[in-house]
Amino acid sequence: MKQRFALELYSVRNDLANDFEGTLKAVKAMGYEAVEFAGDYVHPAEKVAAVINEIGLQCCGWHTPWSYVQDDKMDATIAYNKTVGNRYVIIPGLPKECTESIEAWKATAAKFNALAEKLAAHDLILGYHNHSSEFVAIDGIVPYDVFFSNTNSGIVMQLDNGNAMSGGADVCAYIKRYPGRAQTVHIKPYSKTDGFDTMIGEDDMPLPEFMRLCDEIGGTKWYIVEYESEALHKPLEGVKLCLDALKAMQTKGII
């Protein structure tokens, strides 16, 4: 089965804010099968569900603010995601008190385990999306490993390969280290010389090996493109070129 590609809508956030339905139609026309939303619930859940259903897009995740899974907002978060048809509640960042020490990371892992149980009762799945700082050692210990070695296996490791590489991580090693936990991953072009100002197929990402491991070991259901550079292409153009490159690699049997 060929890999399925989705778009992280943060990549086209300004376009989305200016023209919600038109941007989603453009994303679908490019060939993306699904989208992952990010941030606050700007639109009513019923509107989001109606638009993506009409266009023919799936919702394969929502980058959800940490505050949205606390006790005072949890019920609303559950209801919103159920209405939208999204199962993956992905936390894309944490407040300082959750990450400032190894002990804080362990305590955060315990919080995730408890939150995951609450969400699982509603058939929702909790996950965590990395940036680069999680791979910077604290007292000789890598926080990312502390977190995922102390969380339940059902919590998704949404490995952002570009962010991880920018933090010095071996992205393939992490898929091997935590098998079955990469149900969704981010494909983000990254160059050792140009940072995020690069394109899929022109960067330093070991993409064929990474995706092979995701397919065979990671349990990956969705490969979510996130394009961060505006130096080379406008956002809508950049995310189309990313998908075109991935599909060309599929056709050639590279991935």
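In this text, all values refer to a predicted model and were calculated from it rather than measured experimentally.

Thresholds applied
Residues numbered from 1 in each chain as written. Predicted model: local features only at pLDDT ≥ 70, side-chain atom pairs only at ≥ 80, totals over all residues. Heavy atoms only, no water. Pairing = 2+ DSSP bridges. Helix = DSSP H or I, 4+ residues; strand = E, 2+ residues; numbered from the N terminus. Axes fitted to C-alpha atoms, helices over the stretch in contact; angles between N-to-C directions. Contact = heavy atoms within 4.5 Å. Core = buried A, V, L, I, M, F, W, Y, C linked by side-chain atoms within 4.5 Å. Buried < 20%, exposed > 50% of the residue type's maximum accessible area, 1.4 Å probe, protein only. Polar contact = N/O pair within 3.5 Å; in protein donor to acceptor, adjacent residues only side chain to side chain.

Caption draft 1: Expanded view of the sheet that holds strand β6 (residues 156-158). With parallel pairing, 8 strands are arranged side by side in an open sheet as β6-β5-β4-β3-β2-β1-β8-β7. Where the open sheet ends on each side, the last strands, each with one partner, are β6 and β7 (184-187). In this sheet, neighbouring strand axes are inclined to one another by 30° on average, regardless of whether the strands run parallel or antiparallel. Across 4 bridges, strand β4 (residues 88-91) lies against strand β5 (residues 125-129) in parallel orientation. From the neighbouring strand, Ile 91 faces β5, where its bridge partner is Tyr 128. Sitting on the sheet, helix α9 (residues 207-218) touches β1 (5-8), β7 and β8 (222-225), and the angle it makes with β7 is about 170°.

Caption draft 2: The nonpolar core, seen in detail. One finds Leu 24, Tyr 32 and Phe 210 to be the most contacted residues of the largest nonpolar core, which totals 80 residues. With 7 residues, the single largest contributor to this core is helix α5 (residues 102-120). Beyond its immediate stretch of four places on either side in the chain, Tyr 32 contacts Phe 5, Ala 6, Leu 7, Val 27, Leu 57, Val 225, Val 239, Cys 242 and Leu 243. Counting residues in each nonpolar core, the second largest holds 5 residues, with Ala 6, Ala 34, Cys 60 and Trp 222 among its members.

Caption draft 3: Broad picture of the side chain of Asn 130. Tracing the backbone shows Asn 130 in the loop between β5 and α6 (143-149). For Asn 130, a relative accessible area of 0% translates into the label buried. Among the polar contacts made by the side chain of Asn 130, one reaches the main-chain amide nitrogen of Asp 160 at a distance of 2.8 Å. Look past the residues within four positions of Asn 130 in its chain and what remains in contact with it is Phe 135, Tyr 144, Gln 158, Leu 159, Asp 160, Asn 163 and Ala 164.

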